[in-house]
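Each chain, letter by letter, is given below.
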Amino acid sequence: MINGIEASDKDEGDRHPLVLVTGGTGLVGRAIEWAVTEDPTRAGRKSTEYKWVFLSSRDGDLTDYKATQAIFKKHNPTHVIHLAAMVGGLFKNLRQNLDFLRMNLAINDNVLRCCHEFNVVKCVSCLSTCIFPDKTSYPISESMIHNGPPHDSNYGYAHAKRMIDVLNRGYHDQYGRKYTSVIPTNIYGPHDNFHLEDSHVIPGLIHKTYLAKAAGEDLTAWGTGKPLRQFVYSRDLAKLFILILESYNSIEPIILSVPEEDEVSIRDVVKMVAEASEFPGEIKHDTTKSDGQYKKTACNDKLKAFLAENAPDFKFTPIAEGVRESVDWFRDNYEIARK
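What you see is a predicted model; the values in this text were computed from it and never measured.

Draft legend 1. Structural view of the pairing of strand β3 (residues 79–82). Residues His79 and Ile81 point to one face of β3 and Val80 and His82 to the other, with burial holding for every one of them. Across four bridges, the pairing between strand β1 (residues 18–22) and β3 is parallel. Looking at the pairing, Val21 lines up with Ile81 of β3. For β3 and strand β4 (residues 122–126), the ladder comprises four bridges, and the chain directions are parallel. From the neighbouring strand, His79 faces β4, where its bridge partner is Lys122.

Draft legend 2. Just a negative patch on the surface, in detail. Side chains of Glu260, Glu261, Asp262 and Asp301 sit close together on the surface and give a patch of like negative charge. Assessed through its relative accessible area of 34%, Glu260 is described here as partly exposed.

Draft legend 3. Main features of the environment of Lys295. With respect to the secondary-structure elements, Lys295 resides in the loop between β12 (283–286) and α9 (301–310). Owing to a relative accessible area of 25%, Lys295 belongs among the partly exposed residues under this scheme. For the pair Lys295 and Tyr155, spaced 140 residues apart in the sequence, the C-alpha separation amounts to 16 Å. Sequence-distant contacts of Lys295, defined by excluding residues within four places in its chain, comprise Tyr138, Leu228, Arg229 and Glu263.

Draft legend 4. Spatial organisation of the packing of helix α6 (residues 201–215) against helix α10 (residues 319–332). Two numbers describe how α6 lies on α10: the axes approach to 10 Å, and their chain directions differ by 55°. Relative to α10, the element α6 is oriented oblique. Two packed elements cross with a definite hand, and for α6 against α10 that hand is right-handed. Here Ile202, Ile206, His207 and Tyr210 of α6 lie close against α10, whose contacting residues are Val323, Ser326, Val327, Phe330 and Arg331. Broken down by class, the residue content of the contact of α6 with α10 amounts to six nonpolar, two polar and one charged.

Calculation rules
- Residues numbered from 1 in each chain as written.
- Predicted model: local features only at pLDDT ≥ 70, side-chain atom pairs only at ≥ 80, totals over all residues.
- Heavy atoms only, no water.
- Buried < 20%, exposed > 50% of the residue type's maximum accessible area, 1.4 Å probe, protein only.
- Helix = DSSP H or I, 4+ residues; strand = E, 2+ residues; numbered from the N terminus.
- Pairing = 2+ DSSP bridges.
- Patch = residues over 30% accessible without salt bridge, like charges linked within 9 Å, V, L, I, M, F, W, Y side chains within 5 Å.
- Areas by Shrake-Rupley, 256 points an atom, 1.4 Å probe, with all protein chains shown as cover.
- Salt bridge = Lys/Arg side-chain N within 4 Å of Asp/Glu carboxyl O.
- Lys, Arg positive; Asp, Glu negative; His and termini not counted.
- Charge placed at Lys NZ, Arg CZ, Asp CG, Glu CD.
- Contact = heavy atoms within 4.5 Å.
- Axes fitted to C-alpha atoms, helices over the stretch in contact; angles between N-to-C directions.
- Parallel < 35°, antiparallel > 145°, perpendicular 65-115°, else oblique.
- Left-handed = near helix turned anticlockwise from the far one by under 90°.
- Nonpolar A, V, L, I, M, F, W, Y, C, P; charged D, E, K, R; others polar.

In structure tokens:
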């Protein structure tokens, strides 16, 4: 065993446990770094026994197999958290679906291939709820991933992410590997990408509100505000990633989400951001802009059962509190924030 995680006899004792985090300087990577270095209440206690390496794009091009191989040779990880991806909000996906497909297929294939070739004991990859079929019943569950085509708005990204689940099954069936994946709902938090057009909804709104307040202008949010989403705070997600790395031993994906009853409308999120920003102006909605999918309600029953056994005291951060912390972080780090 390596810190409670099953390994082969060859792995045990040969290497000190080292977790390689791809995409380590992004939203979730920064949150995991916070969880293992700064959070005294983190759920994953065994994580203190690991050595952690957080990769950025400067460390190598993961779309290139040789570059990926060089990274694995340098660090020789025992465990991998795979976060690296070409990502973007609704409108960037609409413009570049082919790029999202090709880049992410290459990244995922290279990372999992190297995990196998370098005898990585466990790899936890990050998927997204956008991989689920567009036409489906709700709430969505892990068993429904491949039941139909994803929404047209981001089919490239969605199909590439679905293939991680297929790769995990292939490496298990052919080589006995225990590589798995998690499916977070909509993530937000410190160190997000706050680009006005290519970000996700909460960071984009935070930046828009910041600028509108500074200019004394009204705040215009894109879309009707009617779509519903389950938002998960990045620092909560980081704790869950560590728990999954340590204690989840299935290759089947697991949804990481707040409960269904915590689903909120985009309109409500706009109000939360405005309140946290102390925005005094009028809020408008540009209904000529696309809403994307109306809802993606996810069932977190599998996660509830996992937490009941492994971290019964775990609690999600209320969204209003998480939004306020994100607004404060953006304001305090405006000059260095990705935007």
